[in-house]
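What the coordinates show
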Amino acid sequence: MAEVEIGIGKSGRVGFGLDALGIVPSRRTRDPADVSLAWEIDAYRFDLPVVGAPADAVTSPATAVELGNIGGLGIVHVEGLWSRHEEPEPLLAEIATLGPDAAGRRLRELYTAPIRPELVVKRLTEIRGAGVVAAAALRPQRVDTLYPFLLEAGVDLLVIHATAVSAEHQSKRSEPLNLKRFIGEIDVPVLVGGCASFSTALHLMRTGAAGVIVGVGPGGADTTRAVLGVGVPMATAIADAAGARMRYLDESGGRYVHVIAHGGVRTGGDIAKAIACGADAVMLDKPLAAAAEAPGRGGYWSMDLLHSRLPRGTWEPVAVAGTLREILLGPASVNPGTLNLAGALRTAMATTGYATLKELQKADVLVTGSPC
């Protein structure tokens, strides 16, 4: 991509968000009933390309089970309230009664409670016992201490998740996690992210990860862009990661790594455009926090609140849009684009002539708006 001159001595690439794109219809259309939204990662198959973000306001053990029953994947954050407090529901109810500033302060207090390994095992065992895929997320610095308890619980998918994850973290204070060695020594498929560039995605793929999560400073009560100045528009970030996947597919002799887009996805149209840019699935936060049964109870906050020295993210109110099933599967009598996301994706694919997600990844797109 051509660079533009920012000033004497500095040039930069132009980046595009999902809002700036449109999918070009192909020469055919399809019956929506003939469209498949299924995707697979390792041995696990999902009917919907939707992943519930590892955020306390979005995914509890109960909503992870519900999302799994609907056909998606819910990821519980191992460092969240469910691993620190025996009964987090009254605490979440309290948070919902506070204003944004007070709610943020109270959440930071609640996250100072120690992580209790027995609760980690208990929560994941509950999810596995319900017959759905048990997925757990934690930050890279917590992997060594907490992974044994995930193994004890029989976790199905491990997610190593932070604002930005690299395959080559350097530190003079402590021994960093060696992602390649760690992933090579365990039998559980690992998803790693966030990342937002071709080179970072390629290096993460070379660690043996089953999937990379694309998105840095993805929005949704996340203040990373404002506080750190770090962020990449989603359409460009996804396309870069998809390009890295093509490179890795060649150099590995055919090993396919999944790309999961996190951030900037609000509607079914956004999901369709994310997949058209190369994503296999999308990770949703605020759209699922708007569910009636969401643990945030009408609020959303980023898990960057966990940062010990520079906590980021704010508590934000979220209007309830419907049940989790209505948000994903409908019906939607009045549809502002935030209900029946799977139905919108299915209709978009039928309208543009694509029968599978893999086909949609090859769709032509046009730039219809300005760069971000």
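Residues numbered from 1 in each chain as written. Predicted model: local features only at pLDDT ≥ 70, side-chain atom pairs only at ≥ 80, totals over all residues. Heavy atoms only, no water.

Turning our eyes to something else, we now look at the overall build of the chain. Scanning the chain from N- to C-terminus turns up 14 helices and 16 strands. Across the 372 residues of the chain, 52% fall into the buried class. If you take every contact in the chain between residues at least 6 apart in sequence, the share linking residues at least 24 apart comes to 68%. For the chain, the accessible area works out to roughly 16100 Å², and carbon and sulfur atoms hold 52% of it. (Helix = DSSP H or I, 4+ residues; strand = E, 2+ residues; numbered from the N terminus. Buried < 20%, exposed > 50% of the residue type's maximum accessible area, 1.4 Å probe, protein only. Contact = heavy atoms within 4.5 Å. Areas by Shrake-Rupley, 256 points an atom, 1.4 Å probe, with all protein chains shown as cover.)

One recurring pattern in soluble globular proteins: nonpolar side chains tend to sit buried together. Counting 123 residues, the largest nonpolar core has Leu150 and Leu158 as the members making the most contacts within it. When residues of this core are assigned to their parent elements, the largest contribution, seven residues, is made by helix α9 (residues 234-251). Once you skip the residues sitting within four places of it in the chain, Leu150 turns out to touch Val78, Val120, Leu124, Ala136, Leu138, Val155 and Leu158. (Core = buried A, V, L, I, M, F, W, Y, C linked by side-chain atoms within 4.5 Å.)

A word on the packing of helix α10 (residues 268-276) against helix α13 (residues 341-352). α13 packs onto α10 with a crossing angle of 55° between their chain directions and a minimal axis gap of 8 Å. Classified by the angle between their axes, α10 and α13 sit oblique to one another. Considering only the axes of α10 and α13, their crossing is right-handed. Of the residues in α13, those touching α10 at Gly268, Ile271, Ala272 and Ile275 are Leu341, Ala344, Leu345 and Ala348. (Axes fitted to C-alpha atoms, helices over the stretch in contact; angles between N-to-C directions. Parallel < 35°, antiparallel > 145°, perpendicular 65-115°, else oblique. Left-handed = near helix turned anticlockwise from the far one by under 90°.)

The next point concerns helix α5 (residues 143-153). For α5, the full list of buried residues reads Val143, Leu146, Tyr147, Leu150 and Ala153. Down the axis of α5, the smallest arc covering the buried residues is 115°, so these residues share one side. Seen from the open side of α5, the exposed residues pointing more than 90 degrees away from its buried face are Asp144, Leu151 and Glu152. The secondary structure elements touched by the buried residues of α5 are α4 (117-129), β8 (135-138), β9 (157-161) and α6 (179-185). Gly154 sits one or two residues past α5 and shows a positive phi near 75°. (Arc of directions from axis to C-beta.)

Once that is clear, we can look at the side chain of Ser60. Within the secondary structure layout, Ser60 lies in the loop between β6 (50-52) and α1 (61-70). Given a relative accessible area of 4%, Ser60 falls into the buried group. Sequence-distant contacts of Ser60, that is, excluding residues within four places in its chain, are made with Val76, Trp82 and Pro295.

Going through the model one piece at a time under the given rule, you end up with 17 salt bridges. A salt bridge links Glu79 to Arg139, with the nearest nitrogen and oxygen atoms 2.7 Å apart. Residue Glu79 is found in the loop between β7 (73-77) and α2 (88-96), and its partner Arg139 is found in the loop between β8 and α5; the two are separated by 60 residues along the sequence. Each member of the pair, Glu79 as well as Arg139, carries the same accessibility label: buried. Measuring nitrogen to oxygen at the nearest pair gives 2.7 Å for the salt bridge that ties Arg206 to Glu251. Placement of Arg206 in the loop between α7 (198-205) and β11 (211-214) and of Glu251 in helix α9 is noted, with a sequence separation of 45 residues between them. Of the residues examined, Arg206 reaches a relative accessible area of 33% and is grouped as partly exposed. A relative accessible area of 42% places Glu251 in the partly exposed class. (Salt bridge = Lys/Arg side-chain N within 4 Å of Asp/Glu carboxyl O.)

Scanning the model with the defined rule gives two aromatic pairs in all. A centroid spacing of 5.3 Å and a plane angle of 85° characterise the contact between Tyr147 and Phe182, whose relative ring orientation is edge-to-face. Taken together, the positions of Tyr147 in helix α5 and Phe182 in helix α6 put the pair 35 residues apart, joining distant regions of the chain. (Phe/Tyr/Trp six-rings, centres within 6.5 Å; stacked < 30°, edge-to-face > 60°.)

A word on the environment of Val78. Take Val78: it is sitting in the loop between β7 and α2. Considered as a pair, Val78 and Val121 are 43 residues apart in the sequence and their alpha carbons are 9.6 Å apart. Setting aside anything within four residues of it in sequence, one finds Val78 in contact with Ser83, Ile115, Val120, Ala136, Ala137, Leu138, Leu146 and Leu150.

Glancing now at the pairing of β7. Burial analysis of β7 places five of its five residues in the buried class, which makes it a mostly covered element. Burial along β7 is two-sided: the face carrying Leu73, Ile75 and His77 and the face carrying Gly74 and Val76 are both buried. For β6 and β7, the ladder comprises two bridges, and the chain directions are parallel. Residue pairing for β7: Val51 is matched across the bridge by Leu73. Two elements, β7 and β8, share three bridges in a ladder whose sense is parallel. (Pairing = 2+ DSSP bridges.)

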